[in-house]
Amino acid sequence: MKVSLFSTCLVEAFHTRIGIATVELLERLGCEVDYPAAQICCGQPAYNSGYFEDARQSAKQMIKAFKDSEYVVAPSGSCITMFKHYPSLFEDDPVMHQAAIDLADKSYELTQFIVNVLGVHDVGATLEGKATVHPSCHITRVLGVVNEPQELLSNVQGLELVELPKYYNCCGFGGTFAVKMSDVSSEMVDEKAHCVEATGADYLIGADASCLMNIEGRLKRINSKVKVLHIAEVLNHQLEGAVR
């Protein structure tokens, strides 16, 4: 199965280890992975701020970049959700509208792809310790990926999962929300960080680098010892390996 990696801006700029883990994991599961070099930002910051024409320009480039891909997979529910918004940007252009639908239909968040397309529920990962999971807003409430991350993590040998108090609450990032409403955002992530601490977990695991970056920053400010990991890193961890 041929898969094109959509790495996302945050992974490219700040967390390349997540991209590496995603590629290694997919290859271990039998996929042939390529990286279309023409990919750029998905346009979500512009779209969420109401700059729809700028978002359309990003969408056009991304549709072109992944035109020949069989499947598109990203370690981000948030960015894949943006692909699902593409058709609405081209309602007055039948050709681009169909192209946007085609891209949306073949694009998946990583755990969604592993469980629902590959049909894999146990990737053979091993990680010792106690972990709690932050289910980010976009992946659960908009993309509808609720059970897949938990199912894959429940099969990680040696990993004990504990429920995160108020897990349904947003971490406060929300892209431009964290900038425009910084005081409210700070209170939200503070609550999230203290909920993580209350679990006594060794690890906080999530599927969106943006949320994890936000929560990890707050955890560091309160001198927490909880290690923050993207789910791709956990699922790619085996006995002979190490979490990077």
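Sequence order as written defines the numbering, with residues in each chain counted from 1. The predicted origin of the model limits local features to residues at a pLDDT of at least 70 and limits the giving and counting of side-chain atom pairs to 80 or more, whereas totals for whole chains, interfaces and linings rest on all residues. No hydrogens and no water enter the side-chain calculation; it runs on all heavy atoms of the structure.

- The name given to the protein chain in an unreviewed UniProt entry is Lactate utilization protein A, with the source organism recorded as Staphylococcus piscifermentans.

**Topic: the side chain of S76**
1) Next: The secondary structure listing takes helices from DSSP runs of H or I that are at least 4 residues long and strands from runs of E that are at least 2 residues long, numbered from the N terminus. Take S76: it is sitting in the loop between strand 3 (71-74) and helix 5 (77-89).
2) Next: S76 gets classed as buried once you look at its relative accessible area, which sits at 5%.
3) Next: Here C79 takes part through its backbone nitrogen, which lies 3.1 Å from a polar atom of the side chain of S76.
4) Next: Should any heavy atoms of two residues lie within 4.5 Å, those residues are counted as being in contact. When sequence neighbours within four positions are dropped, the list of residues in contact with S76 reads T8, E109, A207 and D208. Note on classification: 1.4 Å probe, protein chains only; a residue is buried when its accessible area is under 20% of the maximum for its type, exposed when over 50%, partly exposed between these limits. N or O atoms within 3.5 Å of each other form a polar contact, as long as, within protein, one can give a hydrogen and the other can take it, and as long as residues adjacent in sequence are counted only when both atoms are side-chain atoms.

**Quick look at the UniProt feature "domain: Cysteine-rich" (unreviewed entry) in the protein chain**
1) Next: UniProt positions are given in the numbering used here, feature names are shortened, and annotations may be inferred rather than shown by experiment. As recorded in UniProt, the sites labelled "domain: Cysteine-rich" (unreviewed entry) are residues 3-84 and 132-215.
2) Next: For residues 3-84, the helix share is 55%, the strand share is 12%, and the end-to-end C-alpha distance is 18 Å.
3) Next: Annotated as residues 132-215, this span is 50% helix and 14% strand, and its ends, taken at the C-alpha atoms, are 13 Å apart.

**Things to note about the environment of C9**
1) Next: Its location among the elements puts C9 in helix 1 (residues 9-13).
2) Next: The class for C9 is partly exposed, based on a relative accessible area of 39%.
3) Next: Counting along the chain gives 33 residues from C9 to C42, while the straight-line C-alpha distance between them is 8.4 Å.

**Section: helix 11 (residues 182-199)**
1) Next: Expected helix span is taken as 1.5 Å per residue step, with the number of steps being one fewer than the number of residues. Helix length check: helix 11, at 18 residues, gives a terminal C-alpha distance of 26 Å against a target of 26 Å (1.5 Å per residue), a fit within 8%.
2) Next: Buried within helix 11 are the following residues: S185, V189, D190, K192, A193, C195, V196 and T199.
3) Next: Among the structural elements, strand 5 (126-134), helix 10 (177-180), strand 7 (203-206) and helix 12 (209-221) are those in contact with the buried residues of helix 11.
4) Next: Immediately downstream of helix 11, the backbone of G200 shows phi near 75°, a positive value.

**Comments concerning the environment of V120**
1) Next: Position of V120 among the secondary structure elements: in the loop between helix 7 (110-116) and strand 5.
2) Next: With a relative accessible area of 18%, V120 lands in the buried category.
3) Next: Taking C-alpha positions, V120 is 8.5 Å from L29, a pair spaced 91 residues apart along the chain.
4) Next: The residues contacting V120, other than those within four sequence positions of it, are L29, I114, V115 and L152.

**Observations concerning the side chain of T111**
1) Next: Counting through the fold element by element, T111 comes out in helix 7.
2) Next: Note on T111: relative accessible area 0%, which makes it buried.
3) Next: Discounting residues that sit within four places of it in the chain, T111 has contacts with V145, E148, P149, L152 and I231.

**With respect to the pattern of salt bridges**
1) Next: By definition, a salt bridge exists where a carboxyl oxygen of Asp or Glu is found within 4 Å of a side-chain nitrogen of Lys or Arg. Inspection of the entire model under this criterion finds five salt bridges.
2) Next: Between R17 and E233 there is a salt bridge whose closest N-O contact spans 2.6 Å. Placement of R17 in helix 2 (residues 16-28) and of E233 in helix 13 (residues 231-235) is noted, with a sequence separation of 216 residues between them.
3) Next: Since its relative accessible area comes to 26%, R17 is described here as partly exposed.
4) Next: For E233, a relative accessible area of 5% corresponds to the buried category.

**Quick notes on the packing of helix 4 (residues 52-65) against helix 5**
1) Next: Angular values range over 0 to 180 degrees, each being the angle between N-to-C directions of two axes fitted as lines to C-alpha atoms, with helices fitted over their stretch in contact. Put simply, helix 4 and helix 5 touch, their axes get as near as 10 Å, and they point 110° apart. Comparing their axes, helix 5 and helix 4 come out roughly perpendicular. The crossing of helix 4 and helix 5 is left-handed. Contacts between helix 4 and helix 5 involve F52, A55, R56, S58, A59, M62 and I63 from the former and F83, Y86 and L89 from the latter.
2) Next: In this classification, the charged set is Asp, Glu, Lys and Arg, the nonpolar set is Ala, Val, Leu, Ile, Met, Phe, Trp, Tyr, Cys and Pro, and all remaining amino acids, among them Gly, are polar. For the contact of helix 4 with helix 5, the residue count by class is eight nonpolar, one polar and one charged. Convention used here: angles under 35 degrees read as roughly parallel, angles over 145 as roughly antiparallel, angles from 65 to 115 as roughly perpendicular, and any remaining angle as oblique. Should the near helix be turned anticlockwise from the far one by less than a right angle, the crossing is left-handed, and should it be turned clockwise, the crossing is right-handed.

**Some thoughts on the domain arrangement of the protein chain**
1) Next: All domain edges in this entry derive from an automatic or database-based domain assignment. Domains assigned within the protein chain are domain 1 (2-116) and domain 2 (122-236).
2) Next: Measuring from the centre of the C-alpha atoms in domain 1 to the corresponding centre in domain 2 gives 22 Å.
3) Next: In this complex, domain 1 contributes 29 residues to the contact, which on the side of domain 2 involves 24 residues.
4) Next: Elements with a contribution of two residues or more to the side of domain 1 that touches domain 2: helix 1, helix 2, helix 3 (44-48), helix 5 and helix 7.
5) Next: Considering each element in turn, the side of domain 1 that touches domain 2 owes the most residues, seven residues, to helix 2.
6) Next: Tallied by class, residues from the side of domain 1 that touches domain 2 come to 13 nonpolar, eleven polar and five charged.

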